[in-house]
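Structural overview
Chain by chain, the residues:
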Amino acid sequence: MTGTSTTKTVLSGIQPTGGAHLGNYLGALRWWVDFQDRYNAYYCVVDLHALTVPGEPEELRRSTLDMAALLLACGLDPDRCTLFVQSHVRQHAELAWLLQCTASMGELGRMTQFKDKAAKVGYESARAGLFTYPVLMAADILLYDTDVVPVGDDQRQHLELTRDLAQRWNARYGQTFTVPGAAIPPAGGGARIMDLQEPERKMSKSATSDAGVVYLSDDPGALQRKIKRAVTDLDPPGPGAVRWDREAKPGVSNLLELLAALRGGDPAELAKDYESYGPLKADVAAAAIEALGPVQERYRTLQADPSAVLDVLRHGAAQASAKAEETLERARRAVGLLAR
Ligand code: TYM
């Protein structure tokens, strides 16, 4: 739903494949829900981004619809935001091309996510789309005259690139794009949730094992098991064993951050309530079950009615397209493409 022209605009996106995890929820999705009432909000399932790595067509179709259902289950409300699938709004791909001709090879080559992902598959066989991915993300954002982009800490560099591209374009071709800012949760507030088994790595859909990744769809048994087995350290119980210290105690600090993000509060303060890891883990598990229970219940209902979810997405795409076309036309004209 679009708001008045004085309302600021927010946009964000999530990849469909692999399902959403607690990092996505705490770093981004719960803020999306919160921001619906304060901003003119656009949210998209970025299916074109999923094509940058190998996958099965049937799985992409299924996970795109599932992710949309999950976003609604988290609390996105089609009366308060515009929810759509990226590929349903063709302007994203077209603006991405114009912006590719603004971005340089050098700056794209410096993107750490590209370097990490390309290193996994080998530079020679990495898809070209993986390289240009951040430009598509910039197009997602710039098409909507976005003021604020709620994301986790791992998207910080992509956001900086988006700002650079917008500023460069505006300087070269005249004022065309709004330069967006990032809304990243505060330190300790869920901006970077770590893998429960490898607390030096961020929780990620592409982790080698699921043991350290808590999915929003995990049942209470699985949730409890994963959190109970979270890696901590060998410090003996006692005063000071449980403390907020990301360097020295990454596993424990991650559990404290999870608790703080789920229940509210400050991780360093919460630490004072514990002298050993067992009770901390039990409280984190209880908080996760409490937060995710209602989401899972709504998710099951929505999954049983895919046509209702599709209706939301179609309506969202129509709304988003109107705005996107307006911005794209401005960009086409600015860069010198002949009017049709
Ligand atoms: P994606 O799909 O990897 O993640 C979706 C959102 O979840 C956040 N996130 C995390 N937050 C805290 N801790 C973690 N461990 C964690 N893992 C992921 C991400 O920061 C993100 O906000 N490129 C984006 C998708 C995208 C996008 C956009 C985002 C495409 N176009 C336009 C904003 C605006 C991505 O791959 O997110």
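Attention in this report is confined to the structure presented alongside it. (Residues numbered from 1 in each chain as written. Predicted model: local features only at pLDDT ≥ 70, side-chain atom pairs only at ≥ 80, totals over all residues. Heavy atoms only, no water.)

Considering the pattern of salt bridges
Operational definition: Counted as salt bridges are all cases of a side-chain nitrogen of Lys or Arg within 4 Å of a carboxyl oxygen of Asp or Glu. Helix and strand definitions here come from DSSP, where helices need a minimum of 4 consecutive H or I residues and strands a minimum of 2 consecutive E residues; each element is numbered from the N-terminal end. Only protein chains enter the calculation, and the probe is 1.4 Å; a residue is then buried if its accessible area is under 20% of its type maximum, exposed if over 50%, and partly exposed in between.
On inspection of all chains with the given rule, the structure shows 28 salt bridges. The salt bridge involving E58 is made with R61; its shortest N-O contact spans 3.1 Å. Note that E58 and R61 are positioned in helix α3 (residues 57-74) at a spacing of three residues, about one turn of the helix. Residue classification places R61 among the exposed residues on the basis of a relative accessible area of 54%. Two residues, E329 and R333, come together in a salt bridge whose shortest N-O distance is 4.0 Å. With E329 and R333 both in helix α13 (residues 306-335), this residue pair falls four residues apart, about one helical turn. Take E329: its relative accessible area is 21%, and that puts it in the partly exposed class. Overlapping salt bridges bring together E94, E325, E329, R332, R333 and R340 as one network.

Structural notes on the nonpolar core
Using the following cut-off: Joining through side-chain atoms within 4.5 Å is the link that ties buried Ala, Val, Leu, Ile, Met, Phe, Trp, Tyr and Cys residues into a set, and such a set is a nonpolar core. Domain boundaries shown here were taken from an automatic or database domain assignment. In what follows, a contact means two residues having at least one pair of non-hydrogen atoms within 4.5 Å.
Counting 63 residues, the largest nonpolar core has L22, L29, Y43, L71, L216 and L280 as the members making the most contacts within it. Shared between two domains, this core holds at least three residues of each, these being domain 1 (9-189 + 306-335) and domain 2 (220-300). Apart from the residues within four sequence positions on either side, L71 is in contact with I14, L29, W32, V45, L76 and L83. Residues V135, M137, L142 and V151 belong to the second largest nonpolar core, which totals 40 residues.

Regarding α3
The condition that has to hold: Under the convention used throughout, the expected extent of a helix is 1.5 Å for every residue step, that is, one less than its residue count.
An ideal rise of 1.5 Å per residue puts 26 Å on 18 residues; α3 measures up with 26 Å between its terminal C-alpha atoms. Burial in α3 covers these residues: L60, S63, T64, D66, M67, A68, A69, L70, L71, L72, A73 and C74. At the C-terminal side of α3, G75 shows a positive phi close to 125°.

Things to note about the packing of α3 against helix α12 (residues 277-303)
Each pair of packed helices gets described by two things: the angle between the helix axes and the distance between those axes. Filter applied, for reference: To define axes, lines are fitted to C-alpha atoms, for helices over the stretch in contact only, and angles between the resulting N-to-C directions are given on a 0 to 180 degree scale. For classification purposes, an angle smaller than 35 degrees is called roughly parallel, one larger than 145 roughly antiparallel, one from 65 to 115 roughly perpendicular, and anything else oblique. Whether a crossing is left-handed or right-handed is set by the direction in which the near helix is turned from the far one by less than a right angle, anticlockwise for left-handed and clockwise for right-handed. Throughout, the ten residues Ala, Val, Leu, Ile, Met, Phe, Trp, Tyr, Cys and Pro are labelled nonpolar, Asp, Glu, Lys and Arg are labelled charged, and all others, Gly among them, are labelled polar.
Closest axis-to-axis distance for the α3/α12 pair is 8 Å, and the angle between their directions is 135°. Put simply, α3 runs oblique to α12. Here the hand of the crossing between α3 and α12 comes out right-handed. Residues D66, A69, L70, L72, A73 and C74 of α3 form the contact with α12, whose participating residues are V295, R298, Y299, L302 and Q303. Classifying every residue of the contact of α3 with α12 gives eight nonpolar, one polar and two charged.

Side note on empty space enclosed by the protein
Put simply, the rule is: Method remark: on a 1 Å grid restricted to protein atoms, a set of points is classed as a cavity if a 1.4 Å probe fits but cannot get out and as a pocket if it is open with protein on both sides within 12 Å along at least five of seven lines; lining residues have an atom within 4 Å of a point. Grid points are joined across faces, edges and corners, and a volume is the space filled by probe spheres set on the points.
For the coordinates displayed, the defined rule picks out two cavities of 30 Å³ or more. Computed from the structure, the largest cavity encloses a volume of approximately 60 Å³. If you trace the largest cavity, you find it lined by Q113, F114, K117, L130, Y133, P134 and H158. Of the residues in the lining of the largest cavity, the class split is four nonpolar, two polar and one charged. Reported here for the second largest cavity is a volume of approximately 40 Å³. Along its surface, the second largest cavity is lined by P78, C81, T82, L83, V312, H315, G316 and Q319.

Some thoughts on the environment of L255
Considering the arrangement of structural elements, one finds L255 in helix α10 (residues 250-263). Separated by 147 residues in sequence, L255 and L108 have C-alpha atoms that sit 34 Å apart. Contact partners of L255, with chain neighbours within four places excluded, come to L196, I227, A230, T232, L280, K281 and V284.

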